[in-house]
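What follows is each chain in one-letter form.
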Amino acid sequence: MESPKKPLVFAYYVTGHGFGHATRVVEVVRNLIQVGHDVHVVTAAPDYVFTTEIQSPRLFIRKVLLDCGAVQADALTVDRLASLEKYVQTAVVPRASILATEIEWLKYIKADLVVSDVVPVACRAAADAGIRSVCVSNFSWDFIYAEYVMVTGYHSRNIVLQIAEDYSHSEFLIRLPGYCPMPAFRDTVDVPLVVRRLHKNRAEVRKELGIKEDVKILIYNFGGQPAGWKIKKEYLPDGWICLVCGASEGQELPENFMKLPKDVYTPDVIAASDCMIGKIGYGTASEALAYKVPFIFIRRDYFNEEPFVRNMLERFQCGVEMIRRDLLTGHWTPYIERAVTLKPCYEAGTNGGEVAAKILQDTAFGKDHAPSKLSGPRRLRDAIVLGYQLQRVPGKDIAVPEWYTHAQNELNIRTPSPDNNVILSSSFTKEFEDLEILHGDHHGLSDTIAFLKNLTELHDLNNPGNRSMQHSREQLAAAALFNWEDEIFVARAPGRLDVMGGIADYSGSLVLQMPTREACHVAIQRNHPSKHKLWKHTQARQHTKERGPIPVLQIVSFGSELSNRAPTFDMDLYDFMDGEQPISYEKAYQYFAANPSQKWAAYIAGTILVLMTELGVRFEDSISILVISGVPEGKGVSSSAAIEVATMSAVAASHGLDIAPRDLALLCQKVENHVVGAPCGVMDQMASACGESNKLLAMVCQPAEVLGLVDIPPHIRFWGIDSGIRHSVGRADYGSVRIGAFMGRKIIKSMASECLKSLLSNNTTSQPVNGVNSCEMEGNGMNLLENEASLDYLCNLSPHRYEASYVNRLPEILHGNDFAENYVHHDDSVTVIDKKHNYAVRAPTRHPIYENFRVKAFKGLLSAASSDDQLSALGELMYQCHYSYSACGLGSHGTDKLVELVQEIQHGKLSKFENGTLYGAKITGGGSGGTVCVIGRNRLRSSEQILKIQQKYKAATGFLPFVFEGSSPGAGKFGYLKIRLRSGSQLK
């Protein structure tokens, strides 16, 4: 966080329930104080919880108890009746005096913002004092207490209603992962885990405690509440020691148990431990996830937060549940042995304290953080769950709708590759027990074999008896998508690694592209509308149509839980018609842009509209499409092109359309340019459609002339390393650079045209045109000027002509309005000039002219004799390309760091001694993040150096980059599969 213009005053209320709320508040408060704000913490927690981490005169602690949370007889036993009775005594009876006191105090300290975790009355007091308020939590007390009112009678419901009414005065909720339904809040903003930072490493903690490295540590942690149970030496396996938090002073412990001080800084101890045992709570669960410490947890009855936190722990392979009886009787060893085999895999953000503090600061300064328009439906779903809790029969386990069994909207989770989590399982046999391949071949591709196996498992899942709570929404939707007894068509299209060419494609450059090993698979089935399996809401829509069943498009896309989008999409295909003609691309763009959570469907459904518009295809049957892509999104390796090409290939195969790979790529570019609205060139789709494994596709983008396939010499290898910085060709940077290049072309054409006119009229006294005397160009020859006056692609202008006649005459920067007044239009159909915007012109114009020359040289050098000079020259061309991107404004800190790490290895003493392994690197695709392409010798040492770069980058940035390695055939080479389930399998 940057230091603010002026210090603010925050009043931060902390619930009186346990230590978990106080410990996470510490991290948010620390970030607020760090940038110069004053924070008044209202809490009943001990001072050391805050002062151990924060020593600042800007921290003020006010010891007041305004709510009581859940009353517990011990660390695991919740007394529901006592909880409500104490809440009445603490917060309901003295409510009027509490409000009066808090309003007066808030005005006295001149609070700019009230923050509550999650004290209900604080929100009402803030509203009455005229101060904005925000809550920060993963649960709210109306949801927790909804369980308790069932044992106390109907009259107690007023407590829940009053709490919900208090919360409704909060402007919004900063919602933490592992959250419960919280319908009282008007809006929510999701943040990563709030986790306290570490002060000491594992070795330092062990040294201070006198524990040797070969001894295993179990931390016994029940959230600051003394457990008090009798503990025996034999509870632990041999070679283990247990560190006990919250032990009473008089409690005696066996020799293999160690009592920790009350004010011990538990995050350090947790991170130094091999395993943790305790109750489920946000604080312990978040720190177990963050520091990848297996957590043996014991349930608390009647605490409705637990199912959601438990799901989060189990989802990331961090939790083992222990039966309470085994905890008390000492049968710990089996659980410990099971826990240490876990591999906790939480990789999402743990900087929720910083993120939340920034949101709070911005809100206090007046920024509006009201988020998603979907908050209405979301709150309705939350309210349904709350209703279940209010109406449920006492004594039954908590039961919530299926869509709450999976954590939602987690931040910074990577999309897995098809041979990892998305594909359920794989088999490398040529024949499948349940599947018959009627046409085509899987080519021995492991991801295709896994995809086919996945289809058989989805078919099995179509039987309700095979379903479980572990299956995601998208899996269940996919299982119900097809008529499994009918034919299904499958297509495959890879991503691409941009070896050379990049953004110069839209200027007509030669490009060299390698298909990636990672690919997208699409399964498609067409059916007569009367036979098509419809989702219930689609059926309801059909019943409103007077003309009977109409063709419908239904799509399921895997990976929705790993990104913020809906997993399904459906539409009537007649929505693509305007009378007897297809709707315009502009209308289609608006159609998909209207719902951000389903905008992804434009890449898939757009292929159908383009076929209708460009080829006159009419779709009378309904269509079902399943998309599973292993090409990571936002990495600059053309995940969108892979989806478009795979989808259109599958649509074409299922409808008997014979479209050549080149033509299919051009059609897919129209999808991206006009339906999606991304101004990309054509090389991505061409590489995905026309590429071949372990070869570079050489193509001149004018618009898409394939020169052939270039063999990658056996001594050369290419890798892609993801920077972790999300790339998007829809970003303003990419579009602005493209506009600048087209502006430059238009200006060059204008200068050449004016000079040509001058020569033709023999008018040697003509006035300067655009600051250039046309006579200065007379010696260049009529033919050159004629070509340049009609320049169709920038790359057709040679570097020496650019340097001789135009480089110094092009403006560095040009205002959009000034360009429009002088040149009217920049002649690019997929971008629009903002007349209020300044555009760089010279650098974006220069880049494709020189890039085209670099790519030609690169292609020629690939066929040269193997030598260090060859590799060094290839690497130098890549470096030049990289820095030219940066000059255009399309670089990023992450990609620059990766290139720097390659250079460190290339120029290091060890590399020179060993005759070198890596020789060059460059940013790829549209730039502004994404992936870096690296060239090196095809040897084991090079792969080791790539892994070293991967680890160094993680050490520098905290992000472990994905490495792209290997290649696979393009969609044209793959063809398509026509499959059908064998008759016996249909009876399962």
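Summarised in this report is the structure supplied together with it. (Residues numbered from 1 in each chain as written. Predicted model: local features only at pLDDT ≥ 70, side-chain atom pairs only at ≥ 80, totals over all residues. Heavy atoms only, no water.)

1. Some points on the sheet that holds strand 6 (residues 172-175)
One open sheet holds the seven strands; their spatial order is 3-2-1-4-5-6-7, and the pairing between them is parallel. Each edge of the sheet is formed by a strand with only one pairing partner; in this case those strands are strand 3 (59-63) and strand 7 (188-190). Each strand axis lies, on average, 20 degrees off the axis of its neighbour in the sheet, ignoring direction. In terms of strand pairing, strand 5 (residues 133-137) meets strand 6 through four bridges, oriented parallel. Bridge assignment links Val-136 to a residue of strand 6, and that residue is Ile-174. (Pairing = 2+ DSSP bridges. Helix = DSSP H or I, 4+ residues; strand = E, 2+ residues; numbered from the N terminus. Axes fitted to C-alpha atoms, helices over the stretch in contact; angles between N-to-C directions.)

2. Quick look at helix 27 (residues 816-823)
Buried within helix 27 we find Gly-816, Phe-819, Ala-820 and Tyr-823. What you see down the axis of helix 27 is that its buried residues fit within an arc of 100 degrees, all on one side. Turned more than 90 degrees away from the buried face of helix 27 sit Glu-821 and Asn-822, all of them exposed. Among the residues trailing helix 27, Val-824 stands out with phi positive, at a value near 70 degrees. (Buried < 20%, exposed > 50% of the residue type's maximum accessible area, 1.4 Å probe, protein only. Arc of directions from axis to C-beta.)

3. Some points on the nonpolar core
One finds Leu-553, Phe-576, Phe-592, Ile-608, Phe-619 and Ile-625 to be the most contacted residues of the largest nonpolar core, which totals 66 residues. The dominant element in this core, judged by the number of residues it contributes, is helix 21 (residues 639-654), at nine residues. Beyond its immediate stretch of four places on either side in the chain, Leu-553 contacts Phe-569, Asp-570, Met-571, Leu-573, Ala-605, Ile-608, Ile-623 and Ile-625. (Core = buried A, V, L, I, M, F, W, Y, C linked by side-chain atoms within 4.5 Å. Contact = heavy atoms within 4.5 Å.)

4. Quick word on the sheet that holds strand 27 (residues 918-923)
If you walk across this open sheet you meet the four strands as 27-28-24-29, and the pairing is antiparallel. Because the sheet does not close on itself, it has two edges, and the strands there are strand 27 and strand 29 (963-965). Across this sheet, the average inter-strand angle for adjacent strands is 25 degrees, counted without regard to direction. The pairing of strand 24 (residues 716-722) with strand 29 spans three bridges and is antiparallel. Bridge pairing links Gly-720 to Phe-964 in strand 29. Those strands touched by helix 32 (residues 940-957) are strand 24, strand 27, strand 28 (931-937) and strand 29, and its axis lies near 15 degrees from that of strand 24.

5. A closer look at the packing of aromatic side chains
Considering all chains together, one arrives at 22 aromatic pairs under this definition. When the centroid spacing of 6.1 Å and the interplanar angle of 35 degrees are considered together, the rings of Tyr-506 and Phe-742 count as tilted. Of this pair, Tyr-506 sits in the loop between strand 15 (488-500) and strand 16 (510-527) while Phe-742 sits in helix 24 (residues 732-760), and the two are 236 residues apart along the sequence. Both residues of the pair, Tyr-506 and Phe-742, belong to the buried class. Here the aromatic residues Tyr-220, Phe-222, Tyr-235, Phe-257 and Trp-332 are joined through ring pairs into a cluster of three or more. The aromatic ring of Tyr-179 is capped on one face by Arg-175, whose charged end is 3.7 Å from the ring centroid. Lying across the ring of Tyr-265, Arg-196 places its NZ or CZ 5.5 Å from the centre. (Phe/Tyr/Trp six-rings, centres within 6.5 Å; stacked < 30°, edge-to-face > 60°. Lys NZ or Arg CZ within 6 Å of the ring centre and 35° of its normal.)

6. With respect to the packing of helix 22 (residues 661-676) against helix 23 (residues 683-690)
One can describe the packing of helix 22 onto helix 23 by two numbers: an axis separation of 8 Å at closest approach and a directional angle of 140 degrees. The orientation of helix 22 with respect to helix 23, classified from their angle, is oblique. Viewed along their axes, helix 22 and helix 23 form a crossing whose handedness is right-handed. Judged by residue contacts, Pro-661, Arg-662, Leu-664, Ala-665, Cys-668, Gln-669 and Glu-672 of helix 22 engage Gln-685, Met-686, Ala-689 and Cys-690 from helix 23. (Parallel < 35°, antiparallel > 145°, perpendicular 65-115°, else oblique. Left-handed = near helix turned anticlockwise from the far one by under 90°.)

7. Observations regarding the pairing of strand 22 (residues 695-700)
Of the strand pairs in this sheet, strand 16 and strand 22 are connected by four bridges, and their pairing is antiparallel. Looking at strand 22, one finds that Leu-512 is bridged to Ala-698. Relative to strand 23 (residues 705-711), strand 22 is paired through six bridges, and the arrangement is antiparallel. Counted as the bridge partner of Leu-696 is Val-710 from strand 23. Once strand 22 ends, the chain turns through four residues before running back antiparallel as strand 23.

8. Here's the deal with the side chain of Arg-738
Take Arg-738: it is sitting in helix 24. Beyond its immediate sequence surroundings of up to four residues, Arg-738 is in contact with Tyr-506, Pro-679, Cys-680, Gly-681, Asp-828, Val-830 and Thr-831.

9. A short note on the pairing of strand 1 (residues 9-14)
Most of strand 1 sits out of view: six of its six residues are buried. Neither face of strand 1 is exposed, since Val-9, Ala-11 and Tyr-13 on one face and Phe-10, Tyr-12 and Val-14 on the opposite face are all buried. Judged from the five bridges that link them, strand 1 and strand 2 (residues 38-43) form a sheet pairing that is parallel. Paired with Phe-10 across the two strands is Val-39, which belongs to strand 2. What joins strand 1 to strand 2 is helix 1 (residues 20-34), and the crossover it makes is right-handed. As defined by bridge partners, strand 1 adjoins strand 4 (residues 113-117) across five bridges and the pair is classed as parallel. By the bridge assignment for strand 4, Tyr-13 is matched with Ser-116. (Right-handed = clockwise from strand over helix to strand, strands pointing away.)

Fair warning: the whole summary comes from geometry, so function is off the table for now.
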